[in-house]
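So you can see what is in the structure, the chains are spelled out below.
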Amino acid sequence: MKPCTSSQKHIITIIRTNSRNQEFKKLVNLLNSDLANRDGENHPLSQFNVIDDIKHVVLAYENNEAIACGAIEEFDLNTMEVKRVYASPEVRGKKIGTHILLELENWVKELGYSRCILFIGMNQPEAKRLYERNAYMQIQKYGKLAKIADCLCFAKCLGSGAKVGS
């Protein structure tokens, strides 16, 4: 566990886990509900939100309660895709999303990758601000997202990592 302090002097504990973690599953259900409210139940992006076997998940806890999450999955030999970043509504504005992103980025570098990519729906202005505030640049839609009209894609270079065995 890694303790950190948000800008509001709240003690936040960050842990690394995987998608089998029940707290992660609860937070993802809340995220899915939020996205369904914003975008509709059958939004085309929902097909990319599967969490069955994600090996790299980060959870933030405050007072022993899971309040935020995020995950990464390999996209290609140099790139990890950031997925399922979510903070409970009651902790938004406390920079917890930044703590989640920083821990994910550290993990990406430890694993030997040099770049993060991600996508969000057009109806997620808070997410757009989070990524822009953390030096993510909007990029052309990639891969499976190329034909989906109402999404935005972002990327951030983290340095020149080289995977062991590459």
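See the structure shown above.
Residues numbered from 1 in each chain as written. Predicted model: local features only at pLDDT ≥ 70, side-chain atom pairs only at ≥ 80, totals over all residues. Heavy atoms only, no water.

Quick look at helix α1 (residues 22–39)
In this model, α1 (18 residues) spans 25 Å end to end at C-alpha, consistent with the 26 Å of a helix rising 1.5 Å per residue. Residues of α1 that are buried include every one of F24, L27, V28, L31, D34, L35, A36 and D39, and no others. Elements in contact with the buried residues of α1: β3 (56–62), β4 (65–74) and β5 (79–87). Residue N21 occupies the N-cap position of α1, its side-chain oxygen lying 2.8 Å from the main-chain nitrogen of E23. (Helix = DSSP H or I, 4+ residues; strand = E, 2+ residues; numbered from the N terminus. Expected span 1.5 Å × (residues − 1). Buried < 20%, exposed > 50% of the residue type's maximum accessible area, 1.4 Å probe, protein only. Contact = heavy atoms within 4.5 Å. Polar contact = N/O pair within 3.5 Å; in protein donor to acceptor, adjacent residues only side chain to side chain.)

Details of the packing of aromatic side chains
Tallied over the full model, the rule gives three aromatic pairs. Judged by centre distance (6.3 Å) and plane angle (35°), the rings of Y131 and F154 are tilted. Residue Y131 is found in helix α3 (residues 125–133), and its partner F154 is found in strand β8 (residues 151–157); the two are separated by 23 residues along the sequence. Every member of this aromatic cluster is reached through a ring pair, and the members are Y131, Y136 and F154. (Phe/Tyr/Trp six-rings, centres within 6.5 Å; stacked < 30°, edge-to-face > 60°.)

Brief notes about helix α2 (residues 96–110)
For α2, which comprises 15 residues, the first-to-last C-alpha distance of 21 Å matches the rise-based estimate of 21 Å (1.5 Å per residue) to within 8%. The buried fraction of α2 amounts to 11 of the 15 residues, a majority that puts the element mostly inside the structure. Along α2, the residues classified as buried are I96, G97, T98, H99, I100, L101, E103, L104, E105, W107 and V108. One or two steps after α2, the chain reaches G112, where phi turns positive at roughly 90°.

Concerning the pattern of salt bridges
Under the counting rule described, the total for this entry stands at 10 salt bridges. With a closest N to O distance of 3.7 Å, E23 and K26 form a salt bridge. Of this pair, E23 and K26 both sit in helix α1, three residues apart, roughly one helical turn. Salt bridges sharing partners connect three or more residues here, namely E73, E81, K83 and K144. (Salt bridge = Lys/Arg side-chain N within 4 Å of Asp/Glu carboxyl O.)

Nothing here speaks to function; it is geometry throughout.
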